[in-house]
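# Descriptive structure summary
The primary structure of each chain is shown beneath.
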Amino acid sequence: MAKQHENLAVADALEAKLPTKTMTLNMGPSHPASHGTVRFNIELDGENIVKLDPEIGFLHRGFEKSCENVSWSQCLPYTDRLNYVSALCNNFGFLSAVEKLAQIEVPLRAQYIRTIGAEIHRICDHLTCTGAMAMELGGFSPFLYAIEARDLLWDRIAELTGARLTTTYGRIGGVNRDLPEGWIQRVKDSLDRVAQLRDEIDVLLTHNRIFLDRTRHTGVITKEDAVNFGFTGPCLRATGVDYDIRKAHPYWVYDKVDFSVPLGSQGDNFDRYYVRIEEMKQSDSIIRQCFEQIEPGPILVDDWRYALPPKPEVYSTIEGVIGHFKLIMEGIKIPKGECYAYTESPNGELGWYLVSDGSGRPYKVHCRAPGIPLMGGLEHMVKGAILPDLIPTFDTINMIGGEVEQ
Amino acid sequence: MSDEKKPVQMVNVEVDGKPTSVPAGTNLLEAAKTVGVEIPHYCYHEGLSIAANCRMCLVEVSTAPPGKLVPGCQVPVVEGQKITTDSPRVKEQQRAVEEFLLLHHPVDCAICDQAGECRLQDYFQEYDYRPSRLDSAKWMKNKRKDLGPTIVLDQERCIMCTRCVRFMAEVAKDPVLGVFGRGTREVIDTFPGKVLDNNYSGNIVDLCPVGALLNKDNRFRARAYFLTATPSICTGCSRGCNTFLDHFQGVPYRYRPRENKDVNQHWMCDHGRLSYHQLYDDRVLAASVGGAKAEAGAAAEAAATALQAAGKGAAVVVSPVLSLEDALAVMLLAKEGLKATEIFVSGRGQGDADFFLLREDRNPNRKGVELAAQAFGLEVKPFAELTKGKPKAVLLAGVDVPTEGQAFATWLSGVETVVAMAANGGTVTAAAKIVLPLATHAEGEGTFVNFEGRAQRFMPAYEAKGAMQPAWRWAATMLGHLGLEFRFASAGEAFAELSKRLPAGALGDFDWKKAPRTVVKGVTPLTGGTVDGRPPGWRELIPLRASSAGSDA
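This one's a predicted model, so the numbers in the text were calculated from it and none came from an experiment.

Reading the values: the criteria
Residues numbered from 1 in each chain as written. Chains lettered and ligands numbered in written order. Predicted model: local features only at pLDDT ≥ 70, side-chain atom pairs only at ≥ 80, totals over all residues. Heavy atoms only, no water. Helix = DSSP H or I, 4+ residues; strand = E, 2+ residues; numbered from the N terminus. Rg over C-alpha atoms; globule rule 2.2 N^0.38 Å. Buried < 20%, exposed > 50% of the residue type's maximum accessible area, 1.4 Å probe, protein only. Contact = heavy atoms within 4.5 Å. Areas by Shrake-Rupley, 256 points an atom, 1.4 Å probe, with all protein chains shown as cover. Pairing = 2+ DSSP bridges. Axes fitted to C-alpha atoms, helices over the stretch in contact; angles between N-to-C directions. Salt bridge = Lys/Arg side-chain N within 4 Å of Asp/Glu carboxyl O. pLDDT = per-residue confidence, 0-100. Buried area = accessible area lost by both parts, 1.4 Å probe. Polar contact = N/O pair within 3.5 Å; in protein donor to acceptor, adjacent residues only side chain to side chain. Nonpolar A, V, L, I, M, F, W, Y, C, P; charged D, E, K, R; others polar. Core = buried A, V, L, I, M, F, W, Y, C linked by side-chain atoms within 4.5 Å. Patch = residues over 30% accessible without salt bridge, like charges linked within 9 Å, V, L, I, M, F, W, Y side chains within 5 Å. Phe/Tyr/Trp six-rings, centres within 6.5 Å; stacked < 30°, edge-to-face > 60°. Parallel < 35°, antiparallel > 145°, perpendicular 65-115°, else oblique. Left-handed = near helix turned anticlockwise from the far one by under 90°. Expected span 1.5 Å × (residues − 1).

### Quick look at the overall build of chain B
- When helices and strands are counted, chain B shows 15 helices and 25 strands.
- Here chain B has a C-alpha radius of gyration of 27 Å; the compact-globule value for 553 residues is 24 Å, and the two agree.
- Its C-alpha atoms give chain B principal-axis dimensions of roughly 85 × 60 × 45 Å.
- Counting only residues that meet the buried cut, chain B has 57% of its 553 residues in that class.
- Look at the contacts in chain B between residues 6 or more apart in sequence, and 66% of them connect residues 24 or more apart.
- For chain B, the exposed surface amounts to about 22700 Å²; the carbon and sulfur share of it is 53%.

### Here we look at the sheet that holds strand 21 (residues 434-437) of chain B
Residues and elements named next belong to chain B.
- Read from one edge to the other, the open sheet built from eight strands follows the order 15-14-21-20-19-16-17-18, with strand pairing classed as mixed. Unpaired on one side and paired on the other, strand 15 (292-294) and strand 18 (379-382) mark the two borders of the sheet. Here the average twist between neighbouring strands, direction ignored, is 25 degrees.
- When strand 14 (residues 287-289) meets strand 15, the two strands line up antiparallel, connected through three bridges. Residue pairing for strand 15: Ala-287 is matched across the bridge by Ala-294.
- Relative to the sheet, helix 14 (residues 471-481) contacts strand 19 (393-397), strand 20 (417-422) and strand 21, its axis offset from that of strand 20 by approximately 140 degrees.

### Comments concerning unusual backbone geometry
- Not every positive phi belongs to a glycine, and Gln-103 of chain A is a case in point at roughly 55 degrees.
- Turning to its location among the elements, Gln-103 of chain A is positioned in the loop between helix 3 (87-102) and helix 4 (108-136).
- According to the relative accessible area criterion, Gln-103 of chain A is exposed, its value standing at 71%.
- Positive phi, close to 40 degrees, is recorded for Tyr-129 of chain B, a residue that is not glycine.
- A relative accessible area of 17% places Tyr-129 of chain B in the buried class.

### Quick notes on the pattern of salt bridges
Residues and elements named next belong to chain B.
- Within this structure, the stated rule accounts for 54 salt bridges over all chains.
- The partner of Asp-108 in a salt bridge is Lys-143, and the shortest N-O contact between them spans 2.6 Å. Remark: Lys-143 occurs in the loop between helix 4 (119-128) and strand 6 (145-146) and Asp-108 occurs in the loop between helix 3 (88-102) and helix 4; sequence separation between them is 35 residues.
- For Asp-108, a relative accessible area of 7% corresponds to the buried category.

### Some points on the confidence of the model for chain B
Residues and elements named next belong to chain B.
- Mean pLDDT over chain B stands at 88; residues scoring 70 or higher make up 92%.
- Note that pLDDT drops below 50 for residues 517-553; the model gives that stretch 96 contacts with residues more than four away or on any other chain.
- Across the interface, the model reports ipTM at 0.85; the global pTM reads 0.85.

### Some thoughts on the interface of chain A and chain B
- The interface of chain A with chain B comprises 22 residues on the first partner and 29 residues on the second.
- Counting the surface lost from both chain A and chain B, the interface buries some 2100 Å², and carbon and sulfur atoms represent 67% of this.
- The interface formed by chain A and chain B holds one salt bridge in total.
- The interface formed by chain A and chain B includes two residue pairs in polar contact (both at pLDDT 80 or more).
- Broken down by secondary-structure element, the contributors of at least two residues to the side of chain A that touches chain B are helix 12 (311-316) and helix 13 (318-329) of chain A.
- Among the residues making up the side of chain A that touches chain B, the classes are represented as eight nonpolar, six polar and eight charged.

### Regarding the pairing of strand 2 (residues 39-45) of chain A
Residue and element names in this part refer to chain A.
- Across the seven residues that make up strand 2, a large majority, five, are buried.
- Where strand 1 (residues 23-27) meets strand 2, five bridges bridge the pair, whose relative direction is antiparallel. Across the sheet, residue Met-27 finds its bridge partner in strand 2, namely Phe-40.
- Where strand 2 lies against strand 3 (residues 48-55), seven bridges are found, and the strand directions are antiparallel. Bridging from a neighbouring strand, Arg-39 pairs with Glu-55 of strand 3.
- Counting the residues that bridge the hairpin from strand 2 to strand 3 gives two residues, and of these Gly-46 lies at a positive phi of roughly 65 degrees.

### Topic: the nonpolar core
Residue and element names in this part refer to chain A.
- Core analysis: the largest hydrophobic core is formed by 107 residues, its most contacted members being Phe-40 and Trp-352.
- With eleven residues, the single largest contributor to this core is helix 4.
- Once you skip the residues sitting within four places of it in the chain, Phe-40 turns out to touch Leu-25, Asn-26, Met-27, Leu-52, Asp-53, Pro-54, Met-375, Leu-378, Leu-390 and Phe-394.

### Digging into a nonpolar patch on the surface
- Taken together, the side chains of Leu-308, Ile-328 and Met-329 of chain A together with Phe-226 of chain B make up a nonpolar region of the molecular surface, amounting to roughly 330 Å² of accessible area.
- Note that Phe-226 of chain B resides in the loop between strand 10 (213-215) and strand 11 (228-233).

### Looking at the packing of aromatic side chains
- In total, this model carries 35 aromatic pairs over all chains according to the counting rule given.
- Ring geometry for Tyr-255 of chain B versus Tyr-276 of chain B: centroids 6.4 Å apart, planes at 85 degrees, classification edge-to-face. Of this pair, Tyr-255 of chain B sits in strand 13 (residues 251-257) while Tyr-276 of chain B sits in the loop between helix 7 (270-273) and strand 14; the two residues are 21 residues apart in sequence, bridging distant segments of the chain.
- On the basis of an interplanar angle of 15 degrees and a centroid distance of 5.8 Å, the ring pair of Phe-408 of chain B and Trp-411 of chain B is categorised as stacked. One end of the pair is Phe-408 of chain B and the other is Trp-411 of chain B, both in helix 12 (residues 405-412) and three residues apart, which spans about a single turn.
- The class of Trp-411 of chain B is buried, set by a relative accessible area of 18%.
- Through pairs of rings, three or more aromatic residues link up here, namely Phe-92, Tyr-169, Tyr-251, Trp-252, Tyr-254 and Phe-259 of chain A.

### Regarding the packing of helix 5 (residues 140-161) of chain A against helix 6 (residues 183-206) of chain A
Residues and elements named next belong to chain A.
- Following both chains from N to C, one finds helix 5 and helix 6 inclined at 165 degrees, their axes separated by 9 Å at the closest point. The orientation of helix 5 with respect to helix 6, classified from their angle, is roughly antiparallel. Considering how the two elements wind past one another, helix 5 and helix 6 form a crossing that is left-handed. Between helix 5 and helix 6, the residues in contact are Ser-141, Pro-142, Tyr-145, Ala-146, Glu-148, Ala-149, Leu-152, Leu-153, Arg-156, Glu-159 and Leu-160 and Trp-183, Arg-186, Val-187, Ser-190, Leu-191, Arg-193, Val-194, Leu-197, Glu-200, Ile-201, Leu-204 and Leu-205, respectively.
- Considered class by class, the residues forming the contact of helix 5 with helix 6 number 15 nonpolar, two polar and six charged.

### Digging into helix 9 (residues 324-337) of chain B
Residues and elements named next belong to chain B.
- Between its first and last C-alpha, helix 9 extends 19 Å over 14 residues, near the 20 Å set by a 1.5 Å rise per residue.
- Taken across its 14 residues, helix 9 has twelve buried, putting it largely inside the fold.
- Listed in full, the buried residues belonging to helix 9 are Leu-324, Glu-325, Asp-326, Ala-327, Leu-328, Ala-329, Val-330, Met-331, Leu-332, Leu-333, Ala-334 and Gly-337.
- In the stretch just after helix 9, Lys-339 is the one whose phi turns positive, near 55 degrees.

What follows is the structure, encoded as structure tokens:
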């Protein structure tokens, strides 16, 4: 891997180097200039980072193991808590993987709803990342704008799913409820306001001298290194690699909408920030296109092996009662087998490796969280840089404690 | 000539492309089982004659005319036959049968005792999973037809598999049930003037694949899907029928027979089936000394001291309701702790044997107690001898007595020191000066030796309540107070230590560790297909406290 920063190696021959010892600095797990519960064990030579040892595990999640103790549909609430700012992306990603294993064809309307929900939450996630980053670099206003925009969208999400954060929305074979009355118009109105706020953040940050100094040419990673570390999502695209699962392996209705994939060129913090700003614009466009295209229809697969029978059937026919009872008490029986399925979550590839033994519960659930490889590459990105560069770099990789802890 | 050497003719068949070899005469259904293919069925039961009336097991075979399905339960295998159980034709037949069976089935799952272990539910979800197409009112029948003192029939739920009719005629030899009416009006009922009053009537409830036949004993008392089944042994008589003890949150709800071809086949009698009540009714929870509640350790010490004070005048009375491990430990206490030379065997009084499973001896472990006494060179004396003597002290290991309880209690009142290890209360327990609460076979593990000398393990179902301890532990504690070293901390260790003294070969090839080990330590989720055929979603909780379980696993 290419050498990142030269300033450590540069030593003026004429300048006598002070014989110093390295210093170990603990940062976190709760630090005002970082978000996410993680502890850094940093070895410093003066102000330069010699070694960075990130320690995760403070949230004590263990959700992969927990999934083995519950039925397939009961895993869904656990996925809310992965990247909790974009719960719908996780919900739908997990469901897509289960559906791949069971070879279920999801109704088109449900696929549109999934795309809409996932893109709204992608905007929320990017807003959070961008706003928090600005705040940790000293700009408080962008954070407020971002949170205002995010809350607007969360209100819409609450109307759709019943919860702002822990959505548990979607079911194996579709989604559990249709779009509320008048919701499409409200989302459009909200998106208009979000666009204003987003542009406000954009102009406040993108031309701000302090912000530029902190983000440009810091936390640099090359294309090759990013690929080698397994980077995906905005962090990979900021290096100029054109890989977006929505384009490369389209799922749901991404092949039916027109959008472009913003790319960076430097692989530094600024590019990662700006890719997110641009992606928000693309998501906005995707959502509006979906609203144009979506048509009435079923939202859940009509197969009682996977979907709960409609309530009138449950209350008045023995077939409905049995179907309901079996799915609730024993869980949905997913055919024996294993699969890996992946979707583009806001931070990159959210992959699910699932193994079913044919019973009502998962035999094994593994989540390929996008944050893990990014976390792995963090030391490489800041080695040799000065300590303050760690802050924007950790912000732009946007590690989420909930998903890196398996 | 070669046929004489090979008495069982094997037939090679193929089930869904998988080759297998089964004895001639095997039906298609059993042949499919050998390669792990389950052919759904309602009316077929291994222990009953073939009716082939439910039509659920129809499969395709290469030897039948094209397009004609044959019942898998009735048709024997033929050399070179190809059996197909998953063709569209078969699948459609299964779906159609299931739809037909559910057509007039009441919407009862929410109030049905069978919900959770119902074949209709299982097969609907697996083979039908489609909405109802019935466009008229459901046919109504008698929802609570009282068949006799133990059984209620819900005729609406019945699918007319006639398992109960065949069982009563073939196994119980009491043909009181019959099929009446035809078509939609067809019902199961007793013949005119007959009542279903038979010691084996409980089996038809187990046999019933749906919730039509219900046992009055536990009707509306428990949800089947919350019950946990632990392999156990019936203690109703010396037959030692293999059972499942179904329990929930430390409360036993029923016994069900567990298949054992050598002992009870698929069945058990009602006398044994209802004996689970003793596991719950009037249990002794706390130790007491002189009528006052005492701490377990203090009571054991008081018992040891009192018995030691009596010296050779202490009589040891062992109940054959105790397990082999219990008996061995009590014998050790008698022999080494109290220097006794003889023991008295108490136990429940004799009853009448019947033609099938029920034995005269209503105690599960008489053979085991006798073996244990033999192991320690103690003379076994009948209970009647006890009341003829004048012992200074009596140690009752188990308070079951073959005589009238009150009379024995009166005799006990003349004895200076009475120590009783008692599972249940009653006059005898009340007459004891020191009471040590006893854990039963539901709360611990151990072995019963049945009348034919067959040793069978039972597993702990739930944790002991209060100060209950198994007799081997009480005996070990008392030995400790008598200055003898503590030798074992679990039933397994007690057996390993003490069974060495048993006469060689007394238990045949019995291996304590090869128990029906179907429970796992701690709360463990079970995957599909548990040993007793229960669906997943069960949580097994076995006692972790050493006092009651003591597992070497």
